[in-house]
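# Inside the fold
Here is how the chains run, residue by residue.
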Amino acid sequence: MNKSPGKISGSEAVILSLIEEGVDTIFGYPGGAIMPIYDALYDYGSKIRHILTRHEQGAAHAAEGFAKITGRAGVCFATSGPGATNLMTGIADAMIDSVPMVCITGQVTSPLLGTDAFQESDVIGMSIPVTKWNFQITSPEEIPHAIAQAFFIAQTGRPGPVLLDITKDAQFGELNFEYKKCTKIRSYIPEIPVDPFKVKEAAELIDQSKKPLLLFGQGVIIAKAEDELRAFIEKTGIPAAWTLLGLSALPTKHPLNVGMLGMHGNYGPNIKTNDADLIIAVGMRFDDRVTGKVSDYARKAKIIHLDIDPAEINKIVKADVAILGDASKSLKMLTGNVKSNSHDEWVKEFREADQVEYEKVIRKDLYPTKPGLTMGEVVKMVSGKTKGEAILVTDVGQQQMIAARYFGFNHSRSCVTSGGLGTMGYGLPASMGAQIAAPGRTVVAMIGDGGFQMTIQELGTIAQNKLPVKIVLLNNHFLGMVRQWQQLFFEKRYSFTGLTNPDFITIAKGFGIPGIKVDNREDLDEAAQTMLDHRGPFLLEVTIEKEDNVFPMVPAGASVSEIMLEP
């Protein structure tokens, strides 16, 4: 295509704008409406790596995995129509989990908008509820400014996905390219300054408390406030429990780490929530999986809520003191205002609860006496061999909860999982993004047989790009979490949850990925070591007990105090 002197095409402006933002990796799938952008990308292969996924949903989840490890916006491309709609699950997942993403879709030419043209869909209308911001670009001159705004919005304040829909004529059109990074948008206030008076008010409650409990979520990781969190709990002696997305922000073996909150969390932090006289919530949103029955939640406790998003304050649980702002700043100020303290007797109560949980649940999970393999012993085996240094990526379901309970971490940004949306099929593509983001680290993808088959085609992406992901497939021939509910609450009426599975090892070998299937306990150790020693991607399939369940469990609609340790 002939270009005017001094001008470039809109499609090239897209690529140059991404380079200006420091983008080095794009996950995507080409098609007619985005073809000009892909043509421009052809000339910039030395600066930007493009990963061709096998499905647009895979591109979105891979971008999420990349973003969760790096803290930078993941970038994905898709064409119009079905390409754009296939991104929606990943975009919705990123929105509820506060993952920064910039999604770029191609669109039909401007004159055809609204005419039901071939592969036209109203991606702007569809994505409004699941994006932090979206915008349709219809002229080439809009491209640099729109992309600069997209990255600023995605990565500041409470992060989230943004979507730019670019018409084909805007891609073909020409402009004089100039790029300025966005640092401010009128009416958009990503971060509110921390109020020192609120900090002092919170500090007084903390100093007076006899049984305080700190709950932390992914907001600590997003704010890079891990050191501030440790400094605060170590000065005050307050036990700290984590949400699923807060996992790895505090080392597993820290003496004040009292475990996971929520439906399948640890016994101690769940039952002690209603004994606490003060709850300090940091970067978490009181999700229903954490609170259980809200009217019975933390009945004796004052609530201090630290969050960057004003919309989360008083949304579920009313705060006695709300501290808005960046968690690293608010925690640092709070630490400077509280007295040094210890709560040894209170922490001891959590350790006593741990012992109850060990006898009722953990011993059976990790050291079973039955011949069949359990999910827990597989997770324990792999975790022990990686010594807290691996990145864990999970799918959604039983294996997700078991992995969260028993996988150990030494470093933050080491767990990648789908929280709020609970997206089956997330694990395999997200592990690709995580591995590309951290090429020097071991990435373990813990996946169930149901979720694996939702995005199994991404084995092709893993093989083509030689990504050394270690896939641990826990196979119970069931949609395990649904089956568990059917067993406990629907009289074992296993309605359409049984799976007739293919030969997964043969499928993996068809993609050039080696694998081992383990049916017996005596073979597990050697097989796990073989997987970890292999330099490339590897599939370890483990047959587990069909009715291996995840406990503890807070039944739906129940109080956290009603947590079940056994059926």
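Residues numbered from 1 in each chain as written. Predicted model: local features only at pLDDT ≥ 70, side-chain atom pairs only at ≥ 80, totals over all residues. Heavy atoms only, no water.

### Some words on the domain arrangement of the protein
In terms of domains, the protein is made up of domain 1 (8-175), domain 2 (196-350) and domain 3 (373-547). Centre-to-centre, using C-alpha coordinates, domain 1 lies 37 Å away from domain 2. Contacts between the two partners involve seven residues from domain 1, matched on the other side by seven residues from domain 2. Regarding the contact of domain 1 and domain 2, the summed buried area is about 620 Å², with carbon and sulfur atoms giving 55% of it. At the boundary of domain 1 with domain 2, the tally comes to two salt bridges. Note that D309 and R158 form a salt bridge whose closest N and O atoms lie 2.8 Å from each other. At the junction of domain 1 with domain 2, the criterion picks out three residue pairs in polar contact (both at pLDDT 80 or more). Each residue belonging to the side of domain 1 that touches domain 2 can be placed in one class, and the counts come to two nonpolar, two polar and three charged. (Domains from an automatic or database assignment. Contact = heavy atoms within 4.5 Å. Buried area = accessible area lost by both parts, 1.4 Å probe. Salt bridge = Lys/Arg side-chain N within 4 Å of Asp/Glu carboxyl O. Polar contact = N/O pair within 3.5 Å; in protein donor to acceptor, adjacent residues only side chain to side chain. Nonpolar A, V, L, I, M, F, W, Y, C, P; charged D, E, K, R; others polar.)

### Digging into the pattern of salt bridges
All chains considered together, the criterion is met by 22 salt bridges. The salt bridge involving D275 is made with K300; its shortest N-O contact spans 4.0 Å. Of this pair, D275 sits in the loop between helix 11 (267-271) and strand 12 (278-282) while K300 sits in the loop between helix 12 (288-291) and strand 13 (302-307), placing them 25 residues apart in sequence. Residues R363 and E359 are paired through a salt bridge, measuring 2.8 Å at the closest nitrogen-oxygen approach. One end of the pair is R363 and the other is E359, both in helix 14 (residues 344-366) and four residues apart, which spans about a single turn. Several salt bridges share partner residues, and in doing so they unite K211, K272, D275, K300 and E349 into one network. (Helix = DSSP H or I, 4+ residues; strand = E, 2+ residues; numbered from the N terminus.)

### Details of the packing of aromatic side chains
Inspection of the entire model under this criterion finds eleven aromatic pairs. Ring geometry for F286 against Y297: centres 6.0 Å apart, planes inclined by 75°, an arrangement best described as edge-to-face. In this pair, F286 is assigned in the loop between strand 12 and helix 12 and Y297 in the loop between helix 12 and strand 13, connecting sequence segments eleven residues apart. Note on F286: relative accessible area 1%, which makes it buried. Lying over the aromatic face of F478, R483 brings its terminal NZ or CZ to 5.8 Å of the ring centre. (Phe/Tyr/Trp six-rings, centres within 6.5 Å; stacked < 30°, edge-to-face > 60°. Buried < 20%, exposed > 50% of the residue type's maximum accessible area, 1.4 Å probe, protein only. Lys NZ or Arg CZ within 6 Å of the ring centre and 35° of its normal.)

### Quick word on helix 13 (residues 327-337)
The set of residues buried in helix 13 consists of A327, S328, S330, L331, L334 and T335. Seen end-on, helix 13 carries its buried residues on one side only, within an arc spanning 165°. In helix 13, the exposed positions that point more than 90 degrees away from the buried face belong to K332 and G336. Those residues of helix 13 that are buried are in contact with helix 8 (196-208), helix 9 (218-222), helix 10 (226-236), strand 12, strand 13 and strand 14 (321-324). (Arc of directions from axis to C-beta.)

### Some remarks on the environment of C76
Tracing the backbone through its elements, the reader meets C76 in strand 4 (residues 74-78). Along the primary structure C76 and L87 are separated by eleven residues, whereas in three dimensions their C-alpha atoms are 8.8 Å apart. If near-sequence neighbours (up to four positions away) are discounted, C76 is found in contact with I26, F27, A59, A60, A63, L87, M101, V102, C103 and I104.

### Focus: the pairing of strand 7 (residues 161-167)
The element strand 7 is extensively covered by neighbouring structure, given that seven of its seven residues are classed as buried. Burial of the side chains of strand 7 extends over both faces: P161, L163, D165 and T167 are buried on one face and V162, L164 and I166 on the other. Pairing of strand 5 (residues 101-107) with strand 7 involves seven bridges; the strand directions are parallel. Note on strand 7: the bridge partner recorded for I104 is L164. Once you follow strand 6 (residues 133-137) into helix 6 (residues 143-155) and on to strand 7, the crossover reads as right-handed. (Pairing = 2+ DSSP bridges. Right-handed = clockwise from strand over helix to strand, strands pointing away.)

### As for the packing of helix 10 against helix 13
Relative orientation of the contacting elements helix 10 and helix 13 amounts to 25°, with a least axis distance of 9 Å. Between helix 10 and helix 13, the angle falls in the class roughly parallel. When the axes of helix 10 and helix 13 are compared, the crossing they make is left-handed. Between helix 10, through E228, L229, A231, F232 and K235, and helix 13, the contact on the second element is made entirely by S328, L331, K332, L334, T335 and G336. (Axes fitted to C-alpha atoms, helices over the stretch in contact; angles between N-to-C directions. Parallel < 35°, antiparallel > 145°, perpendicular 65-115°, else oblique. Left-handed = near helix turned anticlockwise from the far one by under 90°.)

### Quick notes on unusual backbone geometry
Backbone torsion omega between F551 and P552 reads 0°, so that peptide bond is classified as cis. Within the secondary structure layout, P552 lies in the segment after strand 20 (538-543). Although it is not a glycine, K492 sits at a positive phi angle of roughly 60°. One non-glycine residue, F496, adopts positive backbone phi at about 60°. Within the fold, F496 resides in the loop between helix 20 (480-489) and helix 21 (504-510). Classification of F496 by relative accessible area gives exposed; the value is 81%.

### Describing the sheet that holds strand 11 (residues 257-260)
The parallel open sheet is built from six strands, whose spatial order is 11-10-9-12-13-14. Strands at the two margins of the open sheet, each flanked by one partner only, are strand 11 and strand 14. In this sheet, adjacent strand axes meet at a mean angle of 20° when their direction is disregarded. In this structure, strand 13 lies alongside strand 14, joined through four bridges in parallel fashion.

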